[in-house]
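Residues per chain, in single letters:
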Amino acid sequence: MTVEAAGIILPSDVLIIIMANLDMEDLINLSYTCKFVNLLVHEFGWSLYLKYNVRPSFTLQLARRSWSYFDQVRYDVASDRCWAQAKFNARPLSHPWRNKYQPKIALSASVLLVAANYTIYAYHITHSSSLDDGAPGVSYEGSYSFTDRPAITSITFIPDRHSERTVAVGFEDGRIHRVFLPHFQQEQSNNKPLALNIERDPPLALRIVDIIESLTCSDNMLLSLSSFGTAGLCNLSSDSPLVSAINLDCRSWSSFICMKSSTPFTAFGTTSPNPLVVHAVTPSSLSPAPFAILHSTRERSTAVYDITDAPPSAPWGSSKQVIVSGWYDGAVQVHDLRSGWRDSGVTGTPAPLRPMLTFRDPWSDEPIYSVSCGGGSSSVVGAGTARHSVVAFWDVRRPTEGWSVHAPGNDSSPVYSLVLESSRVFGVTQSRPFVLDFGPGVTKETYPFLPPSTRSQHDFLKLNKNGVGYCVTQYNHSRT
């Protein structure tokens with residue numbers, strides 16, 4: 001079919017090719033030309049726009065399958081605008097726990113998990129069939145406790161063809177277990193939380209004599225790292241999962257694995273003269289020697305506490321060879337493994353790579369405990385700091401215009417774990433999990449209702465005037 005307008009005759013397939021190169025405003029203007037082009041834009045234009053303007057999100061994944069392409073664009077535009085204006089609804093997901101922990105969070109399309117001490121708290125991701133029905137919510141499901149009560153030190157989702165509720169869990173006793181978290185069979189009654197006791201299956205690999213500090217997974221490869229530097233690589237699709245193990249011989253904190261890179265690699269964050277190193281992954285082993293050493297902009301940066309991949313829509317492209325790391329000196333560093341910018345003043349092989357970008361909160365030198373990327377326009381780097389439950393944000397397109405916010409409740413705590421999505425930020429302090437929601441359609445029912453706290457819980461929460469979000473303190477990084 002062809003379109004005739006203002007003396008121009010174009011086949012519809014040519015128009016579709018043109019649409020692939022248009023931005024949002026151009027698509028809107030094009031849709032006003034005539035009824036047929038309007039239908040063409042809604043059927044093909046918005047889907048092409050979404051293809052080239054990716055907004056990764058676990059908790060919106062199921063809902064977006066039901067939304068029209070146009071509604072998805074509407075949601076993304078609204079949340080991007082809120083990110084640019086630093087407007088959001090802050091919600092704690094629970095009252096403070098009785099004790100202080102070093103919890104971890106893991107997120108899939110159907111469930112949010114918060115692991116604290118020997119308990120895993122599960123939050124179900126609710127469905128939204130239409131954007132007009134409101135945003136998908138998060139509701140508390142219940143908790144899982146291990147019968148022998150070992151402390152959980154790390155957790156990550158792993159592939160399972162039959163379920164999205166299978167995780168690898170690392171414990172303080174050096175064991176790693178594959179754990180399936182069953183659905184709760186009965187409804188919650190009498191306001192009493194549901195709880196299940198589960199037993200540990202045989203461990204995935206050889207037991208390590210110290211704490212499992214970090215677990216990360218890519219494809220079917222699971223990478224573990226212990227506090228004293230033992231790194232193990234497991235192939236979860238194999239009957240004999242342990243592939244290789246190396247020893248870093250230093251206090252270790254974080255690990256990262258990327259099997260989608262042209263050269264699969266692992267990265268390790270440690271306390272050492274070279275606190276961030278990258279090792280190659282071969283089909284049969286984990287290389288014992290690093291092929292890249294990544295340095296900081298400061299000479300006395302002695303530790304790296306967390307590592308993640310780069311924002312999908314950064315100016316340098318969505319390369320899997322760019323990694324983001326949180327450092328002891330309060331810096332968030334971005335390194336490009338393809339870069340040739342090396343530190344020639346340092347002896348050794350290989351010569352250390354310098355960071356291509358560095359983010360800092362000028363008002364704080366607190367260590368960075370957690371990092372994650374995503375956010376508005378998929379261009380935001382988030383960092384959880386070591387004190388006062390502060391989360392800092394930077395847009396890689398405007399790196400000097402960062403800002404920070406205290407988590408709801410202003411717990412005097414590090415932000416131990418952080419996950420950024422297109423419109424949501426999930427984090428956890430020593431006392432509780434929380435969420436910052438930048439998207440539209442958030443109501444009182446989107447997140448768990450918190451009844452008035454008892455005096456023993458010492459909860460200092462105050463609702464905003466809109467009755468949805470809670471009051472938090474935020475500040476800009478600008479000194480002017």
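Only a predicted model underlies this, so the values are computations on that prediction, with no experimental measurement involved.

(A) Examining unusual backbone geometry more closely. The phi angle at Asp219 is positive, at roughly 55 degrees, despite the residue not being glycine. With respect to the element layout, Asp219 can be found in the loop between β12 (212-218) and β13 (221-226). On the basis of relative accessible area, Asp219 is assigned to the partly exposed category, the value being 41%. A positive phi angle is found at Ser389, which is not glycine, with a value near 50 degrees. You can see Ser389 is positioned in the loop between β25 (380-385) and β26 (390-395).

(B) Quick look at the side chain of His279. Looking at the element boundaries, His279 is found in strand β18 (residues 276-280). His279 sits in the buried class, given a relative accessible area of 2%. Separated by 2.7 Å, the side chain of His279 and the backbone oxygen of Ser287 make a polar contact. If sequence neighbours within four positions are ignored, His279 has contacts with Ile246, Leu248, Pro264, Phe265, Thr266, Phe268, Leu286, Ser287, Pro288, Ala289, Pro290 and Phe291.

(C) Quick look at the pairing of strand β6 (residues 119-125). In terms of residue burial, β6 counts as a mostly covered element, since six of its seven residues are buried. Inspection of the sheet shows strand β5 (residues 111-116) paired to β6 by six bridges, in the antiparallel sense. Counted as the bridge partner of Ala115 is Ile120 from β6. Direction of pairing for β6 relative to strand β7 (residues 138-146): antiparallel, over a ladder of seven bridges. Across the sheet, residue His124 finds its bridge partner in β7, namely Ser139.

(D) Fine view of the environment of Tyr121. With respect to the helices, strands and loops of the structure, Tyr121 is situated in strand β6. In this structure Tyr121 comes out as buried when scored by relative accessible area, which is 19%. When the C-alpha atoms of Tyr121 and Tyr140 are compared, they prove to be 8.0 Å apart, with 19 residues separating the residues in sequence. Those residues in contact with Tyr121, other than ones at most four positions away along the chain, are Trp97, Leu112, Leu113, Val114, Ala116, Tyr140, Gly142 and Ser143.

(E) Up close: the sheet that holds strand β19 (residues 292-293). Here we have four strands laid out as an open sheet, ordered β16-β17-β18-β19, and antiparallel in their pairing. Of all strands in the sheet, those bounded by a partner on one side alone are β16 (251-258) and β19. Sheet analysis places β16 next to strand β17 (residues 265-271), joined by seven bridges and oriented antiparallel. Pairing of Ser254 across the sheet is with Gly269, part of β17.

(F) Quick peek at empty space enclosed by the protein. In total, this model carries one cavity of 30 Å³ or more according to the counting rule given. A volume near 50 Å³ is recorded for the largest cavity. Lining the largest cavity are Gly330, Asp361, Ser364, Glu366, Ile368, Thr385, Ala392 and Trp394. Tallied by class, the residues present in the lining of the largest cavity amount to three nonpolar, three polar and two charged.

Procedures and definitions
Residues numbered from 1 in each chain as written. Predicted model: local features only at pLDDT ≥ 70, side-chain atom pairs only at ≥ 80, totals over all residues. Heavy atoms only, no water. Helix = DSSP H or I, 4+ residues; strand = E, 2+ residues; numbered from the N terminus. Buried < 20%, exposed > 50% of the residue type's maximum accessible area, 1.4 Å probe, protein only. Polar contact = N/O pair within 3.5 Å; in protein donor to acceptor, adjacent residues only side chain to side chain. Contact = heavy atoms within 4.5 Å. Pairing = 2+ DSSP bridges. 1 Å grid on protein atoms, 1.4 Å probe; cavity = no way out; pocket = protein on both sides within 12 Å on 5 of 7 lines; lining within 4 Å. Points joined across faces, edges and corners; volume = space filled by probe spheres on them. Nonpolar A, V, L, I, M, F, W, Y, C, P; charged D, E, K, R; others polar.

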